[in-house]
Amino acid sequence: MWYTLGQWIIKRRVFLLLALLGSTCFMGYHASKVSLSYEFTRAIPTNNPKYQDYQAFLKRFGTDGNTMVVGFETDRFYEKSYFNAVAQLQKTIKGIQGVTAILNIPDVVNLINDTAAAQFKSVKIFTPPYSSQAELDSAALVFKSLPFYKTLLYSPNSNAYLMGVSLDGAIINSKNRSALIQEINKAIQTFEKETNSTVRLSGLPYIRTIVADRIKKEMNIFLIASFVLSALTLLLFFRSISAMLMSMVVVAIGVIWSLGTVVLLGYKITLLTALIPPLVVVIGIPNCIYFFNKYHTAFLELKDKDKAIITMVGRMGIVTLFCNIAAAIGFAVFALTKSALLKEFGLVAGINIMVLFFISLVFIPAVLSYLPAPKPKHTRYLDNKILEKLLVKIERWTFHHARWVYGVTIIITVFALIGMSKLKSEGFIVDDLPKQDKIYTDLKWFEKNFGGVMPLEIMVDTKKKNGLLRTTGPISKIEELSVYIAAHPETARPLSFVEGLKFAKQAYYDGDTLSYDIPYEGDLAFMGPYLKSPASKDSGVQVKKEGVAKLLNSFMDSTKQVARISVNMKDIGSAKLPILIKDFETKAAEIFDTAHYKVTFTGSTITFLEGSSFIIKGLEESIVWAFLLIALCMLYLFRSIRILLCSLIPNVIPLVITAGVMGWAGIALKPSTVLIFSIALGIAIDVTIRFLINYKQELPHYNNQVGPTLIQTIKHTGISIIYTSLVLIAGFIIFCISDFGGTKALGWLTSLTLIVGTLTNLILLPVLILHFQKRKK
C-alpha cells in the first residue's frame, strides 16, 4: 500500500504541490487575522464554584484587579518642588485615554461637618501647585490627622507614598493595554528625570501586561533562533541546502496551518496555544530527518532516485503516521478536560500534528522527485566514524552487558524517584521572574510598605435589601473581620464602606482623630440626617462623587444588601493561599451567622492561581490518559504485550528522571514545567515507534532472528535517532538564555529528557527486546 502511495505521489506531484500551495495560502490568509487573548479566567471551567463566584462579583461590582500602583520612596515628598511634580504627574496620567480614576495625595479630600445644612462637605486638602512651603506644611498636617489615608496612601513607618491608577477594564483586557501601560511609563520616566528619583510600579494589570509582552517578544526571538539553529544543524548533518530548506519549509507550512486553525476554530492565541508553533517545529523536524535518512539509505542501495523515493514512502510512511498519531494523542487528550484553555490547546495541537504528517508525506517526495539525485557529500553523514563506533558500543552493551544496563537504569531511576518525592506544585503571579528584576523588586517594595498589591475580594451578603445599614450589626461584624485580616502579615488593611462610615464619624465630631471608629446606634441616630441626604443615596456619605467618595461608592451594591471588602495582599503563592483563605473563611463563619449572611471570597488573585492549579491538574491527568491511549495504539500496531512493555518502559524512565531532577533542583510543578512532560512524551514515543517498526520491518529479512535484526536496526535507525535528538536539543537549548525561569526550565529540562530518551531507546530498548524475546523462546 505505502509503496503504491509513493508511486501515486510522484505521478500526481504537480496537482499535490498546487493543492498544498493553495490550501496553505488559504490558511495563511486566516493566520494573518490571529489575535491574542487577554483573559486569564478562561483556564477555569465555567461550572467551577470559584469561577461562578468571581462572575457574580463582577456582575455586582463591575471589575477588580484593574488598579496600577505607583510608589514614591523619598524624604522630600512634602517639599513644594517635589510635591508639585507629583501633582503634575497625576494630571498627566489622568489625561491618558484608558485611565478612569486616580487616588493620589495631592487630590485627597477631607469631610467637613456643615451643621447648618446637616451634611458633609467635601473639601480638597491640597491645592497645588504651591509657591509657599508653609502652606504645604500646614495642609500636610491636616492630611496626616486623617487615619483613613494611613497605610492606604502612605506608610507611617517609612518614606513610602502611593498613587493608585484605575484603568479601563475593556482596554486592559485587550491588545491596547500595552500602549496604555507604555504611555503611563513614559510619563513616569519624565517625572523620574525631572525629580532625579526612582519610582516603583506594580499592580496586577501592570505585571500581567509587562510580563506578557516580554514573553511574547522572547518567544518570537527564540522561535526564530530555534528555527535558524535547527536549520544550521540540519545543514551541517546533511551537507545539503535543499534538504535543509525543505525541512524548514515543511515546519513553516505547519506553523501557518496551526495559526490558521486557531482562527478558523474561532479561538485566540493564549498562553498555551502560543506554544503550538514551537511544537510544530519539534514534531516536524524529526519527520523530515527520518524521511531524508531513509531516502539517502535507499539511494545508496538502489542507485535510483525514483525507486529511493518510493522506498522512502513505503518504509517510512507508516512509521511517521503512527509517530504522529501517538504525538497527536498526547496533546489531543487535553481536549477532554473541562478547561477552555486546555481544550483549545489540545484540539489545535492534535489536528496540526496530523496535518504535519500529510504535509511531510506530500511535500518531501514531490519536491525530491524534481531535484537531482543525491551527491556523495549528501550521504557522507551515513558513514560517520564516531557514530559508528558509538553504535558498535551500544551493540556490545545490548548483547554482553545487559546486567550493567539494568543496574545503572535501576540506580538512576531510584535516585529520580526520591527526587520526585520532593516535587512541589506551587505557582506565583510573578512566577519565573528573576529576583533582581525590577517588576519583582518593586512588588516586594509594595509588599513591605503597603502589605501587597494582589487583589482579594470578599462579598458579605445580608440576604435582604438595606440590610447593611438597618442596624450596626453588619457594620461591627465587617469591622471585626477586617481587623482580623489586617493583623496578618500577608495582607494590607482591608477597605470597605465601614471605613467610609468611620471617616464620616470623625468628620461629624469635627475631625477628632479619636472619633475614627465604627459608629454605634447612638452615633447613627445623630448622623441619620447626613446619611439619608438625597445626594448620598449611593454611598451613605454626603460627598461629591469624586476622590474618596467615588472609592466608597463601590463598596456597597445599589440595594445596600451586599458589601464588598477589598484586600490587597502579598503574592504568597498557590500553596499558602488556600491555607490563608481557609483561615479567613473559618473566622468569617464564627463572626457571621450563616442563616443571615453569606460570605464569599473571590477576586483576581484567587481565580488566577486557581486557573494555574487547574491547568497543572489537567496536564497531569492528560499525561496519564495519553499514556493509556498510546499504549492501546502500540498494542494495536505490534499485537504483542511484550513489545508493549518494551516500548513503554524506555518512555516512562525519561519522564521519571526529569521529574526527579526537578525535585532535586527545587523546580516546582507549574504550567510551564508540566508541559515539558507532554512534549517529552511526544518526542520519546516517536523514537520508540520508529525503532520498533524498523525492527519489525527488518525481522523477516533476517529469518526472524532477534540478534542480527537488532544489530541492523541499531545501525540504520540509530544514526537518524541521534541526528534527530541533536537537532532538537539545538532547537531547545536556546531557551536556556531566557530571563524567565519557566522558559529556561523548558529549554534545559526538555533537552535533558531528549538525551535520556535517546539513551533509553538506543540502549535499554534493545536490551529489553532481547530479554523478552529470549524468554518467549
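Above this text sits the structure in question.
The notes below deal with the structure included here.

1. Observations regarding the environment of F126
Step number 1: Secondary-structure assignment places F126 in the loop between β4 (119–124) and α5 (133–144).
Step number 2: The buried category is assigned to F126, whose relative accessible area is 0%.
Step number 3: Distance in space between the C-alpha atoms of F126 and F143 is 8.6 Å, their sequence separation being 17 residues.
Step number 4: When residues no more than four places from it in sequence are discounted, the contact partners of F126 are Y78, F83, I105, P106, V108, L136, A139, A140 and F143.

2. A short note on helix α15 (residues 438–450)
Step number 1: For α15, built from 13 residues, the straight-helix expectation of 18 Å at 1.5 Å per residue is met to within 8% by its first-to-last C-alpha distance of 17 Å.
Step number 2: The complete set of buried residues in α15 reads I439, Y440, D442, L443, W445, F446, E447, N449 and F450.
Step number 3: Where α15 is buried, its residues touch β1 (67–73), β5 (154–155), β6 (160–167), β7 (199–202), α8 (204–238) and β8 (454–461).
Step number 4: At the N-terminal end of α15, a side-chain oxygen is found 2.9 Å from the backbone nitrogen of I439, two or three residues along, and the residue is D437.
Step number 5: Backbone geometry just downstream of α15 places G451 in the positive-phi region, at approximately 85°.

3. Some points on the sheet that holds β8
Step number 1: Within the open sheet, the 3 strands sit side by side as β9-β8-β10. Their pairing is antiparallel. Edge strands, defined here as strands with exactly one partner in the open sheet, are β9 (562–569) and β10 (598–602). The average undirected angle you get between the axes of adjacent strands in this sheet is 20°.
Step number 2: Where β8 meets β10, 5 bridges bridge the pair, whose relative direction is antiparallel. Looking at β10, one finds that I458 is bridged to F601.
Step number 3: Each of β8, β9 and β10 is contacted by helix α20 (residues 577–591), which is oriented at about 165° to β10, the strand it contacts most.
Step number 4: Along the sheet, helix α21 (residues 604–638) makes contact with β8, β9 and β10, crossing β8 at roughly 115°.

What counts, and at which threshold
- Residues numbered from 1 in each chain as written.
- Predicted model: local features only at pLDDT ≥ 70, side-chain atom pairs only at ≥ 80, totals over all residues.
- Heavy atoms only, no water.
- Helix = DSSP H or I, 4+ residues; strand = E, 2+ residues; numbered from the N terminus.
- Buried < 20%, exposed > 50% of the residue type's maximum accessible area, 1.4 Å probe, protein only.
- Contact = heavy atoms within 4.5 Å.
- Expected span 1.5 Å × (residues − 1).
- Polar contact = N/O pair within 3.5 Å; in protein donor to acceptor, adjacent residues only side chain to side chain.
- Pairing = 2+ DSSP bridges.
- Axes fitted to C-alpha atoms, helices over the stretch in contact; angles between N-to-C directions.

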